[in-house]
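Spelled out, the chains give:
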Amino acid sequence: MARPVSGARVTGWGSYAPSLVLTNADLERMVETNDEWIVSRTGIRERRIAGPDETTGSMAAVAGLRAIATAGLAPDDIDLIIVGTLTPDYPMPSTAALVKAAIGNKHAAAMDLAAACSGFVYGYATANAFVASGMAKHVLVIGAETLSRVTDFSDRGTCILFGDGAGAIVLSASDEPGGTMGIELTTEPAGAYYIWLPAGGAARPASDVTLATHEHYMKMKGAETFRMAVRTLGSTSLASVRSAGLQLSDIDLVVPHQANVRIIEGLAKSLDFPMERIFVNVGCYGNTSAASVPLALAEAVATGRVKQGDRLLLVAFGAGVTSGAITLQWTADPAAGERAAGIGPSDVTIRPGYLEPVNPFPAALEWLRSDAGTAPAAE
Ligand code: UT7
């Protein structure tokens, strides 16, 4: 076993968003809603939808390979793969195990992490502990989701919010200054059923009844979730920054979970923190759950919003109600992102199972794949 090190730092980052785009205008034709309502209540204009050949595992593998390339590493340098997701390809095997094979890694341990939208931040904290204890030198932490496969496209309260995608980092051992500075994780089960996917587990196994009652889709108490989110994002952020020995004013950029621009504005207001120093890309991707923080982080780095030496705060909340925040000093050269150029879906293959393949694409969005690309009007 390697000797314990004092710190861990982000050395690689990457993301992947599928190419199909579902706009508010499309949703207007599917459910009773309108662009003005969606934009004013959420800030979301469009979201990405995984194609029929894509899964959480395949998108995670692309984002992961990109992060490994950015770090200047080879897949086999990774000692541990963590995939935060609420939409694994299967309950078992883990999506992380499938990702391991897809990226061509031979020796890493691999596991999924269930903390809903906080999955990536919880994964970062777990990876940090592995690195700090000396159990791993390089950990690949991925947040990836195919929420379109668990979204009820007849429920206007949820279908306007969610999208698909993946983001990843490599967290590496380091004795140099910088890297992870403070971590805070919380879970408040009082709100456990605010966001809920009822069917398919041990309490409500999938059956004809659960199928008929749409229990295999996400349910959400929107207003309760909203209030809890603003409160918990604020308290978790403050605790993380304080544990780093910093003040909020020391933070150069906050990268929050991209659930709803009004939640992010509520966070800014409650912390008295300027919106200009909060990264927002929810307008283009919607809420991608565990993928949202690493997807936003990769975009923030690629667009010049992050410089070496900057202090960042990554903060998320999700079903559970889980919340997590990481305060870190960014040390990597943003230009290293160019090393991932050219890596795409054709570079990864998820090993198929032995059953006959099915088309996993949501039937309600089948029209999106056709060249005509026009949503049928709602009945
Ligand atoms: O990762 C965490 C995941 N979840 C979240 O982050 C969700 C947090 N919650 C929210 O973002 C917001 O609560 C929503 C965007 C979901 C809803 O916004 P809201 O301002 O809380 O609206 P509301 O639920 O209070 O609904 C207001 C009205 C209702 O109509 P009535 O009862 O006032 O007649 C809804 O039926 O808006 C109606 N409504 C819609 N109208 C047009 C709900 N969804 C829609 C829609 N289009 N898509």
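Just so we're clear, the structure is a prediction, and the values are computed from it rather than from any experiment. (Residues numbered from 1 in each chain as written. Predicted model: local features only at pLDDT ≥ 70, side-chain atom pairs only at ≥ 80, totals over all residues.)

## Brief notes about the overall build of the protein chain
Turning to step 1, where the next piece is worked out: Counting its regular elements, the protein chain contains 11 helices and 13 strands.
Turning to step 2, where the next piece is worked out: Here the protein chain has a C-alpha radius of gyration of 20 Å; the compact-globule value for 379 residues is 21 Å, and the two agree.
Turning to step 3, where the next piece is worked out: A principal-axis box enclosing the C-alpha atoms of the protein chain has dimensions of 60 × 50 × 40 Å.
Turning to step 4, where the next piece is worked out: For the protein chain, the share of sequence-separated contacts (at least 6 apart) that also reach a separation of at least 24 residues comes to 80%. (Helix = DSSP H or I, 4+ residues; strand = E, 2+ residues; numbered from the N terminus. Rg over C-alpha atoms; globule rule 2.2 N^0.38 Å. Contact = placed C-beta atoms within 7 Å.)

## Some words on the packing of helix H3 (residues 56-70) against helix H4 (residues 95-103)
Turning to step 1, where the next piece is worked out: Their axes nearest at 9 Å, the elements H3 and H4 cross at an angle of 50°. Considering their axes alone, H3 and H4 lie oblique with respect to each other. Viewed along their axes, H3 and H4 form a crossing whose handedness is right-handed. On H4, the residues touching Thr56, Gly57, Ala60, Ala61, Gly64 and Leu65 of H3 are Thr95, Leu98, Val99, Ala102 and Ile103.
Turning to step 2, where the next piece is worked out: Residue composition of the contact of H3 with H4, grouped by class: seven nonpolar, four polar and no charged. (Axes fitted to C-alpha atoms, helices over the stretch in contact; angles between N-to-C directions. Parallel < 35°, antiparallel > 145°, perpendicular 65-115°, else oblique. Left-handed = near helix turned anticlockwise from the far one by under 90°. Nonpolar A, V, L, I, M, F, W, Y, C, P; charged D, E, K, R; others polar.)

## A word on the nonpolar core
Turning to step 1, where the next piece is worked out: One finds Val99, Val141 and Ile142 to be the most contacted residues of the largest nonpolar core, which totals 116 residues.
Turning to step 2, where the next piece is worked out: Looking at which element gives the most residues to this core, the answer is H3, with nine residues.
Turning to step 3, where the next piece is worked out: The contacts of Val99, once residues within four sequence positions are left out, are Gly57, Ala60, Ala61, Gly64, Ile81, Val83, Ala110 and Ile142. (Core = buried A, V, L, I, M, F, W, Y, C linked by C-beta atoms within 7 Å. Buried ≥ 20, exposed ≤ 12 C-beta atoms within 10 Å, placed from the backbone.)

## Observations concerning the environment of Ala239
Turning to step 1, where the next piece is worked out: Tracing the backbone through its elements, the reader meets Ala239 in helix H8 (residues 222-243).
Turning to step 2, where the next piece is worked out: As a C-alpha pair, Ala239 and Gly182 span 57 residues in sequence and 8.5 Å in three-dimensional space.

## Considering the environment of Trp367
Turning to step 1, where the next piece is worked out: Here Trp367 lies in the segment after strand E13 (322-329).
Turning to step 2, where the next piece is worked out: When the C-alpha atoms of Trp367 and Ile343 are compared, they prove to be 29 Å apart, with 24 residues separating the residues in sequence.

## Describing the sheet that holds E13
Turning to step 1, where the next piece is worked out: Strand order in the open sheet formed by four strands is E8-E13-E12-E11, with mixed pairing between adjacent strands. Either end of the sheet is taken by a strand with one partner, and the two such strands are strand E8 (179-187) and strand E11 (253-256). Each strand axis lies, on average, 15° off the axis of its neighbour in the sheet, ignoring direction.
Turning to step 2, where the next piece is worked out: Running over the sheet, helix H5 (residues 119-132) touches E8, strand E12 (311-318) and E13 and is turned about 55° from E13.
Turning to step 3, where the next piece is worked out: In this fold H8 packs onto E8, E11, E12 and E13, with an angle of close to 140° to the strand it touches most, E8. (Pairing = 2+ DSSP bridges.)

## Side note on the confidence of the model for the protein chain
Turning to step 1, where the next piece is worked out: A residue-level look at the protein chain finds 96% of positions with pLDDT of 70 or above and a mean pLDDT of 95.
Turning to step 2, where the next piece is worked out: Note that pLDDT drops below 50 for residues 1-5; the model gives that stretch 14 contacts with residues more than four away or on any other chain. (pLDDT = per-residue confidence, 0-100.)

## Re H8
Turning to step 1, where the next piece is worked out: An ideal rise of 1.5 Å per residue puts 32 Å on 22 residues; H8 measures up with 31 Å between its terminal C-alpha atoms.
Turning to step 2, where the next piece is worked out: Within the span of H8, buried status applies to Thr225, Met228, Ala229, Val230, Thr232, Leu233, Gly234, Thr236, Ser237, Ser240 and Val241.
Turning to step 3, where the next piece is worked out: One or two positions beyond H8, positive phi appears at Gly245, with a value near 75°. (Expected span 1.5 Å × (residues − 1).)

## Remarks on the packing of H8 against helix H9 (residues 261-271)
Turning to step 1, where the next piece is worked out: Two elements in contact, H8 and H9, have axes whose closest approach is 9 Å; the angle formed by their N-to-C orientations is 45°. Comparing their axes, H9 and H8 come out oblique. Classified by chirality, the crossing of H9 by H8 is right-handed. Contacts between H8 and H9 involve Phe226, Ala229, Val230, Leu233, Gly234 and Ser237 from the first element and Ile263, Gly266, Leu267, Ser270 and Leu271 from the second.
Turning to step 2, where the next piece is worked out: When grouped by side-chain class, the residues that make up the contact of H8 with H9 number seven nonpolar, four polar and no charged.

## Examining the sheet that holds strand E1 (residues 7-16)
Turning to step 1, where the next piece is worked out: Taken in spatial order, the five strands make up an open sheet running E1-E7-E6-E4-E5, and their pairing is mixed. Edge strands, defined here as strands with exactly one partner in the open sheet, are E1 and strand E5 (109-113). Adjacent strand axes in the sheet meet at a mean angle of 20°, parallel and antiparallel pairs treated alike.
Turning to step 2, where the next piece is worked out: Across the face of the sheet, H5 comes into contact with E1, strand E4 (80-84), E5, strand E6 (138-146) and strand E7 (164-174) while running at roughly 165° to E6.

## What about the pairing of E13?
Turning to step 1, where the next piece is worked out: In terms of residue burial, E13 counts as a mostly covered element, since eight of its eight residues are buried.
Turning to step 2, where the next piece is worked out: Judged from the eight bridges that link them, E8 and E13 form a sheet pairing that is antiparallel. Its bridge partner being in E13, Thr187 is matched across the sheet by Thr322.
Turning to step 3, where the next piece is worked out: With eight bridges connecting them, E12 and E13 associate as antiparallel partners.

## Remarks on the site of the ligand
Turning to step 1, where the next piece is worked out: Surveying the vicinity of the ligand reveals 20 residues, the closest of which are Thr33, Arg156, Gly222, Phe226 and Ala259.
Turning to step 2, where the next piece is worked out: Where the shell around the ligand is concerned, the elements lending two or more residues are helix H2 (35-42), helix H6 (156-159) and H8.
Turning to step 3, where the next piece is worked out: Counting residues per element, the shell around the ligand draws most heavily on H8, at five residues.
Turning to step 4, where the next piece is worked out: A breakdown of the residues in the shell around the ligand according to their chemical character gives 10 nonpolar, eight polar and two charged. (Near = placed C-beta within 6 Å.)

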